[in-house]
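Inside the fold
In case you want the letters, here they are:
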Amino acid sequence: MAIDVRYPDGSLRSVPSELRPIDPTKSGALARFHHCPVNSDPHWRFWSDGLIWHARPRHGALSILVPPLDDWWQGITAMADAPALADMSEQDAQSPRAA
């Protein structure tokens, strides 16, 4: 499903959407579901004024879209699990079967 969203430049664009359940006892609404855009765009956040959905620029990053960082100790040679190939002599680097 898609829903129309008004962007800051005045254009209307269709974005992916979902139906979210509403608890009628808490909200007093007659409907059981609310049609809204999926907030998964890394550049835009969506909000409603009650009539139409609007987009505004997102600041920061979504945690699921941030690339994982290497562990801080990976760059320290002395803390590596295995010695670097440059530290090994050529004779030690060859397998015993190659001889």
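Residues numbered from 1 in each chain as written. Predicted model: local features only at pLDDT ≥ 70, side-chain atom pairs only at ≥ 80, totals over all residues. Heavy atoms only, no water.

**A few points about the pattern of salt bridges**
Applying the stated criterion to the full structure yields two salt bridges. The closest approach of N and O atoms between Arg13 and Asp9, which form a salt bridge, is 3.5 Å. Ionic pairing is found between Glu18 and Arg20, a salt bridge with its closest N-O pair at 2.7 Å. For Glu18, a relative accessible area of 29% corresponds to the partly exposed category. (Salt bridge = Lys/Arg side-chain N within 4 Å of Asp/Glu carboxyl O. Buried < 20%, exposed > 50% of the residue type's maximum accessible area, 1.4 Å probe, protein only.)

**Things to note about the pairing of strand β4 (residues 44-48)**
Examined bridge by bridge, β4 and strand β5 (residues 53-57) share five bridges and lie antiparallel to one another. Pairing of Trp47 across the sheet is with His54, part of β5. Connecting β4 to the next strand, β5, in antiparallel fashion are four residues, including Gly50 with a positive phi near 105°. (Pairing = 2+ DSSP bridges. Helix = DSSP H or I, 4+ residues; strand = E, 2+ residues; numbered from the N terminus.)

**Considerations on the nonpolar core**
Counting eight residues, the largest nonpolar core is built from Ile3, Val5, Tyr7, Val15, Cys36, Phe46, Trp53 and Ala55. Mapped by element, the contributors of at least two residues to this core are β1 (2-6) and β5. Sequence-distant contacts of Ala55, defined by excluding residues within four places in its chain, comprise Val5, Arg6, Tyr7, Pro8, Trp44, Arg45 and Phe46. (Core = buried A, V, L, I, M, F, W, Y, C linked by side-chain atoms within 4.5 Å. Contact = heavy atoms within 4.5 Å.)

**Here's the deal with the packing of aromatic side chains**
Following the criterion strictly, the structure yields one aromatic pair and no others. Seen in terms of ring centroids, Tyr7 and Trp44 are 5.0 Å apart; in terms of plane orientation they differ by 90°. Their pairing is edge-to-face. Of the two residues, Tyr7 is situated in the loop between β1 and β2 (12-21) and Trp44 in strand β4; the sequence distance between them amounts to 37 residues. (Phe/Tyr/Trp six-rings, centres within 6.5 Å; stacked < 30°, edge-to-face > 60°.)

**Regarding the sheet that holds β1**
Pairing between the strands of a sheet is mediated by backbone hydrogen bonds and can be parallel or antiparallel. Sheet architecture is open: five strands sit in the order β3-β2-β1-β5-β4, paired in mixed fashion. Among the strands making up the open sheet, the edge pair consists of β3 (33-37) and β4. Sheet twist, expressed as the average angle between the axes of neighbouring strands with direction ignored, equals 45°. (Axes fitted to C-alpha atoms, helices over the stretch in contact; angles between N-to-C directions.)

**A few points about the side chain of Arg58**
Note on placement: Arg58 falls in the loop between β5 and α2 (90-93). No salt bridge is formed by the buried Arg58; its nearest oppositely charged neighbour, Asp41, is found at 6.2 Å. (Lys, Arg positive; Asp, Glu negative; His and termini not counted.)

**Comments concerning the environment of Ala55**
Residue position: Ala55 is located in strand β5. The spatial distance from the C-alpha of Ala55 to the C-alpha of Val5 is 6.5 Å, given a sequence separation of 50 residues.

**Quick look at a nonpolar patch on the surface**
Side chains of Met1, Leu19 and Phe33 sit close together on the surface and give an oily, nonpolar patch of about 350 Å² of accessible area. Along the chain, Phe33 falls in strand β3. (Patch = residues over 30% accessible without salt bridge, like charges linked within 9 Å, V, L, I, M, F, W, Y side chains within 5 Å. Areas by Shrake-Rupley, 256 points an atom, 1.4 Å probe, with all protein chains shown as cover.)

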